[in-house]
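# Understanding the architecture of this molecule
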Amino acid sequence: MISFIDFSKIHNEIKNEIDAVIQNVINENAFVFGRYLQEFENNFANKLGVKHCIGVNNGTDAIAIALKAAGIKPGDEVITSANSFVATAGAIVQIGAKPVFVDHDEYYGIDTSLIEKAITERTKAVIPVHLYGQACNISEVVNICKKHKLLLIEDAAQSHFSKYKNQFTGTFGDAACYSFYPSKNLGAFGDGGAIVTNNDNLANKIRLYINHGSTQKYKHIEIGINSRLDGLQAAILNVKLKYIDKWNKQRLEAALLYNQLLKDCDLIEVPKIREQATHIFHLYVIKCHKRDQLQGYLKSKNIQTGIHYPEAIPFLTAYKYLNYNPKMLPISYENQSKILSLPISPGIREENIRLVVESVKHFYNDLK
Ligand SMILES: *Cc1c(COP(=O)(O)O)cnc(C)c1O
C-alpha cells in the first residue's frame, strides 16, 4: 500500500523529542497559554521575520479572526480564489461578509488579471490562497490592494515557509493565516492555527478578541471568543518547526522526481513552478485525462490519491445561493474533473514514487 500521506517516518524520527515535551507540558500544567505557546509564537514569528504570531484554535478561525479584527463588517465583500479548501470562504461568511470568487491561473493561484473586475464599492479585502504550497502572484495582489486601499490577508494554510522572490509567503499582506491541521506541512497532533502580522494594533486586537476580550484574568474590556492554540500543540509544533525546512525540501525533491518521470506522458500535465517561487508541495497535483478511471486504477494497485478539490467552492451545495455558474469560473470548473493529487509526504521513498509513475503509465498504455 502506498499511502497518500505517510507521517510515520518523520514521526518516528522525532518521537523521543515529542514524548519529552508532552511530559513537560503535563508536569508544568502549561495547557493553555504558558511558555510553550510563547516559545512557539516567538519561534514562528522569528523564522518568518514578522513581528507578531498569535496562536489560535485552527486555520479557519485564523481567517475569520483576522478579518474581524481588521474591521471587516457584515455586508462587506471579500475577494478570494474559487479553488481552495472551503474554509477560506467559510471564514468570510462566518463574520457576515460576502465572498466574491475569482478564477485561478496556471499555477493554481488567484488570477490577478481578474481581481480588479471583481472589485465593487463594497469590496474591503482580498484573501489570496497560496494553494498546494506555491505562492500565488502575490506581488501583483499587493499592488492591486495598495491601489484600491484593500486589506490583504494571505491564506497561508498550505504554504508554511514557501517563498516568492526570496520572501516568505505570509509576509506580504496585512496579516497571514496558518493552519496546523495534522496533514499540513507543519502539522500539530490535532487542530491548531496562527495569525501573523507586522501591525501592532491588529496584533493587540487579535490577542484581546481570542481570549474573551481580556488580557488580564476576569477583566473583560471587549466581547470576544475563545480561540487559542493549546500548550500541548504548541510544544509539539516547536519540535517540528526545527525540521520543517528539511521536510519541505524533501517534498520538493519528491515533486521534481515525479515531474521528471512523468514529463513524457502526454495525457498528463505536471504541476508548473512559478518563476521565482519556492514551492513546498503541500500537494502534488497533476491534471490528467480520464481522471476518475485513473484514480480507480491506482486504487486497485493499492495507491491512495486525493482530489483537491472535487468541487470549487462556489459550486458546492452550501454556496449555491451565490449563483455562480461554470461560465463565470471556467478554469476552476474544468479542473474539477481533471485534477488528481498523487502521494507525497516528507521522506516518501523514491521506489514508491517510481511505482506510482509506472502504474500511471501502465494505465494510459492499456488505454491505447
Ligand atoms: C486547511 C486549510 C484551511 C483551514 O484550516 P483548519 O485548520 O483546517 O481550520 C484554510 N485554508 C486552506 C487553504 C486550507 O488548506
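Quick summary incoming for the structure in this document. (Residues numbered from 1 in each chain as written. Predicted model: local features only at pLDDT ≥ 70, side-chain atom pairs only at ≥ 80, totals over all residues. Heavy atoms only, no water.)

## What to know about the sheet that holds strand 6 (residues 163–164)
- Across the sheet, which stays open at both edges, the three strands sit in the order 7-6-11 with antiparallel pairing between neighbours. Edge positions in the open sheet fall to strand 7 (167–168) and strand 11 (277–278), since each of these has one partner strand only.
- Direction of pairing for strand 6 relative to strand 7: antiparallel, over a ladder of two bridges. The residue bridging Tyr 164 from the neighbouring strand is Gln 167, located in strand 7. (Pairing = 2+ DSSP bridges. Helix = DSSP H or I, 4+ residues; strand = E, 2+ residues; numbered from the N terminus.)

## Re helix 7 (residues 138–147)
- Residues of helix 7 that are buried include every one of Ile 138, Ser 139, Val 141, Val 142, Ile 144 and Cys 145, and no others.
- Of the surrounding secondary structure, the elements contacted by the buried residues of helix 7 are helix 6 (115–118), strand 4 (123–127), strand 5 (151–155) and strand 6.
- A positive phi of about 50° marks Lys 149, the residue just after helix 7. (Buried < 20%, exposed > 50% of the residue type's maximum accessible area, 1.4 Å probe, protein only. Contact = heavy atoms within 4.5 Å.)

## Examining the site of the ligand
- Taken together, 14 residues lie around the ligand, and Gly 59, Thr 60, Asp 155, Ser 179 and Lys 184 are the ones closest in.
- Contact between the ligand and Asn 58: an oxygen atom at 3.5 Å from a side-chain N or O atom of the residue.
- Note that an oxygen atom of the ligand is positioned 2.6 Å from one of the side-chain N or O atoms of Ser 179.
- Contact with the protein chains removes 94% of the 380 Å² of surface that the ligand exposes when unbound.
- Here the ligand occupies the largest pocket.
- Mapped onto the shell around the ligand, the elements with two or more residues apiece are helix 4 (59–69) and helix 5 (87–94). (Near = heavy atom within 4 Å. Polar contact = N/O pair within 3.5 Å; in protein donor to acceptor, adjacent residues only side chain to side chain. Areas by Shrake-Rupley, 256 points an atom, 1.4 Å probe, with all protein chains shown as cover. 1 Å grid on protein atoms, 1.4 Å probe; cavity = no way out; pocket = protein on both sides within 12 Å on 5 of 7 lines; lining within 4 Å. Sits in = over half its atoms within 2 Å of the grid points.)

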